[in-house]
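# Coordinates in review
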Amino acid sequence: MTVNLEVAEGVGTLRLDRPPMNALNVATQDRLRELAEEATRRDDVRAVVIYGGEKVFAAGADIKEMQDMDHTAMVLRSRALQDSFTAVARIPKPVVAAVTGYALGGGCELALCADYRIAAEDAKLGQPEILLGLIPGAGGTQRLARLIGPSRAKDLIFTGRMVRADEALTLGLVDRVVPAAEVYEQAHAWATKLAQGPALALRAAKESVDTGLETDIETGLAVERNWFAGLFATEDRARGMRSFVEEGPGKAKFL
């Protein structure tokens, strides 16, 4: 399989496995969607790590496969391409990308689908589609602009240049830079900590933030308000408040 889902202690690792560069061909895209939907459904998956291995995250789409596609073929395929990445972005649980080596084109777009990105010191990220006479087609023009702002996104998309991890951190494209040998370990630790948290409240927080970014503030506030009130019906809320009153802050156990 080109993508695998491994689950341990509440954390599901979506592991890209298509050596040597994890090129995201059609089969890999479809498998990614399938496993993202499985991670969404499974109660034993409470947080997710996206990982491409020690050497590379994903170097982009399979250009050799795409070269043989004409306009009609891509019209038929482009929605499925976006849907595969959207399935990752809509996992209603905390998702962290563990970025090693190259995250280019579709690889960068996949990292953008995560809630948090931890990159190796020697990682390189970018949207080089313009160098092929194309634009990003798996969400890059939308998610990148929302994450780092339109001007910075246009710079990367217009030039197709790669950025090293330190610049990616300055741009806000990644959230933490660590030695390459520690990328997966730290990403898994981030996910493990959140996997022990209140699952429904985390889902509410993620949906409220994401919906707010996609709509006007009044709609976003309504989503937040409804989730906030709704969480008062949950056992996690009762447990969290009881623990706060009896033991002090930060001691509640939600599993």
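Throughout what follows, the structure given in this document is the object of discussion. (Residues numbered from 1 in each chain as written. Predicted model: local features only at pLDDT ≥ 70, side-chain atom pairs only at ≥ 80, totals over all residues. Heavy atoms only, no water.)

Moving on, we get to a negative patch on the surface. Together, E121, D122, E182 and E185 make up a region of like negative charge exposed at the surface. Here D122 is to be found in the loop between β6 (116-120) and β7 (124-126). What makes D122 partly exposed here is its relative accessible area of 47%. (Patch = residues over 30% accessible without salt bridge, like charges linked within 9 Å, V, L, I, M, F, W, Y side chains within 5 Å. Areas by Shrake-Rupley, 256 points an atom, 1.4 Å probe, with all protein chains shown as cover. Salt bridge = Lys/Arg side-chain N within 4 Å of Asp/Glu carboxyl O. Lys, Arg positive; Asp, Glu negative; His and termini not counted. Charge placed at Lys NZ, Arg CZ, Asp CG, Glu CD. Helix = DSSP H or I, 4+ residues; strand = E, 2+ residues; numbered from the N terminus. Buried < 20%, exposed > 50% of the residue type's maximum accessible area, 1.4 Å probe, protein only.)

As a further point, take the environment of A36. Tracing the chain through its elements places A36 in helix α1 (residues 26-41). Along the primary structure A36 and A111 are separated by 75 residues, whereas in three dimensions their C-alpha atoms are 14 Å apart.

Turning our eyes to something else, we now look at the pattern of salt bridges. This structure, assessed with the given rule, holds 14 salt bridges. Across the pair R161 and E167 runs a salt bridge whose closest N-O atoms are separated by 2.7 Å. Overall, the relative accessible area of 29% leaves R161 in the partly exposed class. Given a relative accessible area of 28%, E167 falls into the partly exposed group. A salt bridge links R239 to E235; the nearest nitrogen and oxygen atoms lie 3.8 Å apart. Here the residue R239 and the residue E235 both occupy positions in helix α11 (residues 235-247), the gap between them amounting to 4 residues, near one helical turn. By relative accessible area, which is 25% here, R239 ends up partly exposed.

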